[in-house]
Amino acid sequence: KNQVEQSPQSLIILEGKNCTLQCNYTVSPFSNLRWYKQDTGRGPVSLTIMTFSENTKSNGRYTATLDADTKQSSLHITASQLSDSASYICVVSGVVGFQKLVFGTGTRLLVSP
Amino acid sequence: GAVVSQHPSWVICKSGTSVKIECRSLDFQATTMFWYRQFPKQSLMLMATSNEGSKATYEQGVEKDKFLINHASLTLSTLTVTSAHPEDSSFYICSAAIGGPGNEQFFGPGTRLTVL
């Protein structure tokens, strides 16, 4: 069964600190993996996307890694800001392209002052 | 670029009434649009895939007669929740793919539906 699992479910960190979110997937065949940020009451916004051959991708203070062999990905947030408080969703596409996305349940991050 | 809007952003209705939600791609043509539902603290669940000019493809367990989808143009898709009940209360999110179903999806801001 195609699944995407994320950990932790929720996380509280102090402003300025770093954190790493984890994503494990069983989707096969694998096409690409994307991390989204979803603010409360808003739609998801794309942060990074990685294909099978990519190991890391950065977007400002966000850095995603991918190990296609172990089917694991991580999202590292550096020097967190209050505006980083949101849900972070790992999404895997099991076909070529982006249709039929498999969504993780997300990690709810709270950055505290 | 690649902006998707939804209207309304939130709606409250009485049980038994119908509610229409619009999804628009503002600066691109979307051959394919997707409708998702998200319950509190849960992930997005795909409801249906909508292709311009043809009938929507519904996911297993989604009632096509209850959730009417119309994709009349390359920039507009609508979701109508018919005879809404409290259990239909949810966050509905659409996404649009540039050029076809195999391409990147851009998500709208979502519509919060509350059925009393």
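Residues numbered from 1 in each chain as written. Chains lettered and ligands numbered in written order. Predicted model: local features only at pLDDT ≥ 70, side-chain atom pairs only at ≥ 80, totals over all residues. Heavy atoms only, no water.

## What about the confidence of the model for chain B?
Reasoning step 1: Taken as a whole, chain B shows an average pLDDT of 91; of its residues, 95% reach a score of 70 or greater.
Reasoning step 2: Within chain B, the element-level pLDDT minimum falls on strand S10 (residues 105-107) of chain B, averaging 90, and the maximum on strand S11 (residues 111-115) of chain B, averaging 97. (pLDDT = per-residue confidence, 0-100. Helix = DSSP H or I, 4+ residues; strand = E, 2+ residues; numbered from the N terminus.)

## Quick look at the environment of Pro44 of chain A
Reasoning step 1: Counting through the fold element by element, Pro44 of chain A comes out in the loop between strand S4 (32-38) and strand S5 (45-51).
Reasoning step 2: Residue classification places Pro44 of chain A among the buried positions, given a relative accessible area of 5%.
Reasoning step 3: It is 22 Å that separates the C-alpha atoms of Pro44 of chain A and Ala79 of chain A, two residues lying 35 residues apart in sequence.
Reasoning step 4: Sequence-distant contacts of Pro44 of chain A, that is, excluding residues within four places in its chain, are made with Tyr36, Lys37 and Gln38 of chain A together with Leu44, Ile93 and Phe107 of chain B. (Buried < 20%, exposed > 50% of the residue type's maximum accessible area, 1.4 Å probe, protein only. Contact = heavy atoms within 4.5 Å.)

## Some details on the sheet that holds strand S8 (residues 72-77) of chain A
Residue and element names in this part refer to chain A.
Reasoning step 1: If you walk across this open sheet you meet the 5 strands as S1-S3-S8-S7-S6, and the pairing is antiparallel. Looking along the sheet, the strands with just one partner apiece sit at the ends: strand S1 (4-7) and strand S6 (56-59). On average, each strand axis in the sheet is inclined to that of its neighbour by 15 degrees, with strand direction left out of account.
Reasoning step 2: Sheet topology places strand S3 (residues 19-25) next to S8; 6 bridges connect them, and they run antiparallel. Residue pairing in the sheet places Cys23 in a bridge with Ser73 of S8. (Pairing = 2+ DSSP bridges. Axes fitted to C-alpha atoms, helices over the stretch in contact; angles between N-to-C directions.)

## Points about the confidence of the model for chain A
Atom-level detail of predicted coordinates should not be read off regions where pLDDT is low.
Reasoning step 1: Looking at chain A as a whole, the pLDDT averages 92, with 96% of positions reaching at least 70.
Reasoning step 2: Within chain A, the element-level pLDDT minimum falls on strand S10 (residues 101-103) of chain A, averaging 88, and the maximum on S8 of chain A, averaging 98.

## Section: unusual backbone geometry
Reasoning step 1: A cis amide bond links Ser7 of chain A with the next residue in sequence, Pro8 of chain A, at an omega value of -10 degrees.
Reasoning step 2: In this structure, Pro8 of chain B follows His7 of chain B across a cis peptide bond, with omega equal to 0 degrees.
Reasoning step 3: Mapping Pro8 of chain B onto the fold places it in the loop between strand S1 (4-7) and strand S2 (10-13).
Reasoning step 4: In this structure, Lys41 of chain B takes a positive phi of about 65 degrees despite not being glycine.
Reasoning step 5: Along the chain, Lys41 of chain B turns up in the loop between strand S4 (30-38) and strand S5 (45-51).
Reasoning step 6: Of note, the phi angle at Ser83 of chain B is positive, near 45 degrees, even though the residue is not glycine.
Reasoning step 7: The topology assignment puts Ser83 of chain B in the loop between strand S8 (76-81) and strand S9 (90-98).

## Examining the packing of aromatic side chains
Reasoning step 1: The full count for this structure, using the stated rule, is 8 aromatic pairs over all chains.
Reasoning step 2: These aromatic residues form a ring-pair network of at least three members: Tyr36 and Phe103 of chain A together with Tyr36 and Phe107 of chain B.
Reasoning step 3: When the ring centre of Tyr62 of chain A is taken as origin, the NZ or CZ atom of Arg61 of chain A, which lies over that ring, is 5.7 Å away. (Phe/Tyr/Trp six-rings, centres within 6.5 Å; stacked < 30°, edge-to-face > 60°. Lys NZ or Arg CZ within 6 Å of the ring centre and 35° of its normal.)

## With respect to the interface of chain A and chain B
Reasoning step 1: Across the boundary between the two partners, chain A contributes 18 residues, which contact 20 residues of chain B.
Reasoning step 2: Roughly 1,500 Å² is buried in total at the junction of chain A and chain B, and carbon and sulfur atoms are behind 55% of that figure.
Reasoning step 3: In this assembly, chain A and chain B are joined by 0 salt bridges.
Reasoning step 4: Our count for the contact surface shared by chain A and chain B stands at 3 residue pairs in polar contact (both at pLDDT 80 or more).
Reasoning step 5: Those elements that place two or more of their residues in the side of chain A that touches chain B are S4 and S10 of chain A.
Reasoning step 6: Here the element with the most residues in the side of chain A that touches chain B is S4 of chain A; it accounts for 3 residues. (Buried area = accessible area lost by both parts, 1.4 Å probe. Salt bridge = Lys/Arg side-chain N within 4 Å of Asp/Glu carboxyl O. Polar contact = N/O pair within 3.5 Å; in protein donor to acceptor, adjacent residues only side chain to side chain.)

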